[in-house]
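Notes for the structure review
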Amino acid sequence: MSELDIAFDGESLITPDSIASQVFSSTNPVRDGEFEEARAELALHLRVAEQQFQSETDVGQIMLRLLTGLHHVRNRFSPKVWEQLIPIAQNHAIARHFHEDPFTRWSFEKPRGYSGDAGLLDFIYRHPSKQAMLDAASPMGKAVNAFTSESPACVAVRERRDLLAQYVDDVASSRGGEAEILTIAAGHLREGKMSQELKNGNIKRWLALDQDPLSVGAVASEYEGTAVEAVDGSVRTVLMRSQTLGKFDFVYAAGLYDYLADEVAIKLSQRCLQMLKPHGTFLFANFADEIPDDGYMETFMNWALLLRSEEDMWRIMRATTEGLDVECSLRYGANKNIVYGIIRKLS
Ligand SMILES: C[S@@+](CC[C@H](N)C(=O)[O-])C[C@H]1O[C@@H](n2cnc3c(N)ncnc32)[C@H](O)[C@@H]1O
């Protein structure tokens, strides 16, 4: 199966392997001796962390130093070389400390079979459903979690949830109770709980579409009796138009484009624009290419993402909107770990 098929197919699993060839692709040739140099640098960072664990250095301090080191190694060497370093870090003795953190372990083990499931996001959102696992963690696990849950990427994801709820509320209040919203890859739709307009009954219809039946079931029961309708569907079903979803004032996707190659991202964005009513808005979020946690995520969490720069986002927006009467804009969240592409229809 090709990369494109994997990304298109909602039934296919999003595994680190399935997106690795995109994430770690590079046209830069690998220098002679580059791998050995990189491996030695990584080994040093891991060894220092190991010694610090042995001497009971503060866990936050160990992690800050190690995450910074991993980030630098990742950026300094070719992606192809970095890809070969990942299993070395994963198999190092210190990995066991990080996996005492239920959040890191969940990401690494992938209990739903794919990366970035809504259950993992619930750790980030500090959802009550994850509290028992956190309470049962060892003192080491708790200390690691105190660090990982406050990482810039997690802070940005919590802000993303709040920003999305604000966008929904702004659209809803401007449509006088007639707003129709579509969330693609909704997960557990945690932003729904933050929406005042949903609470006030001021939204006509809010479709929450996801490929994971467990998440669809959770949304269906949690939002019973509200304007939210859980829909079992995928990027593939949206692109194939196999479901009649209708037209919307606001369509958005968060935590999805980080897994989609440009070709699919553009096709999906074009389809989303077609589903907009006049003057509707489409928004897609992506982790930015300079997140400091990338090295830790790709090694100890086994969570590889397609990180995007401003130019990457503009390339998707330009290709999506060629010849259309729209206005494109780009914004970051407060700590610049997540970037948002926003396309508004002008007619
Ligand atoms: C990182 S979570 C984000 C969930 C939610 N949007 C949020 O921000 O919390 C990614 C979600 O994308 C869904 N997903 C992944 N691939 C998909 C696909 N091809 N079609 C539809 N949903 C998909 C997963 O099931 C998961 O719920």
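Residues numbered from 1 in each chain as written. Predicted model: local features only at pLDDT ≥ 70, side-chain atom pairs only at ≥ 80, totals over all residues. Heavy atoms only, no water.

The protein chain goes by Methyltransferase in an unreviewed UniProt entry, where it is assigned to Rhizobium wuzhouense.

Moving on, we get to the pattern of salt bridges. If you walk through the whole model with that rule in mind, you get 24 salt bridges. Aspartate 262 is paired through a salt bridge with arginine 308; the nearest N and O atoms lie 3.0 Å apart. One end of the pair, aspartate 262, is in helix α15 (residues 262-274); the other, arginine 308, is in the loop between α16 (294-299) and α17 (310-321), with 46 residues separating them in the sequence. Exposure remark for arginine 308: the relative accessible area of 4% places this residue in the buried category. Residue aspartate 312 pairs with arginine 315 through a salt bridge whose shortest N-O separation is 3.1 Å. Of the two residues, aspartate 312 and arginine 315 both sit in helix α17, three residues apart, roughly one turn of that helix. For arginine 315, a relative accessible area of 35% puts it in the partly exposed group. What you see here is one network of salt bridges that share partners, running through Arg31, Glu34, Glu37, Glu41 and Arg76. (Salt bridge = Lys/Arg side-chain N within 4 Å of Asp/Glu carboxyl O. Helix = DSSP H or I, 4+ residues; strand = E, 2+ residues; numbered from the N terminus. Buried < 20%, exposed > 50% of the residue type's maximum accessible area, 1.4 Å probe, protein only.)

Here we take up the packing of helix α4 (residues 59-76) against helix α10 (residues 139-148). In the contact formed by α4 and α10, the axes pass within 9 Å of each other and the chain directions differ by 50°. When the axis of α4 is compared with that of α10, the two are oblique. The handedness of the crossing between α4 and α10 is right-handed. Two secondary-structure elements touch here, α4 through Val59, Gly60, Met63, Leu64 and Leu67 and α10 through Met140, Ala143, Val144, Phe147 and Thr148. (Axes fitted to C-alpha atoms, helices over the stretch in contact; angles between N-to-C directions. Parallel < 35°, antiparallel > 145°, perpendicular 65-115°, else oblique. Left-handed = near helix turned anticlockwise from the far one by under 90°. Contact = heavy atoms within 4.5 Å.)

Attention now goes to helix α13 (residues 213-222). Every buried residue belonging to α13 is among Ser215, Val216 and Val219, and all of these are buried. Seen from one end, α13 has its buried residues packed into an arc of 100°, which puts them on one side. The exposed residues of α13 that point more than 90 degrees off its buried face are Pro213, Leu214 and Ser221. At its buried positions, α13 is contacted by α8 (118-124), β2 (205-210) and β3 (228-232). With a side-chain oxygen positioned 2.8 Å from the backbone nitrogen of leucine 214, the residue opening α13 is aspartate 212. (Arc of directions from axis to C-beta. Polar contact = N/O pair within 3.5 Å; in protein donor to acceptor, adjacent residues only side chain to side chain.)

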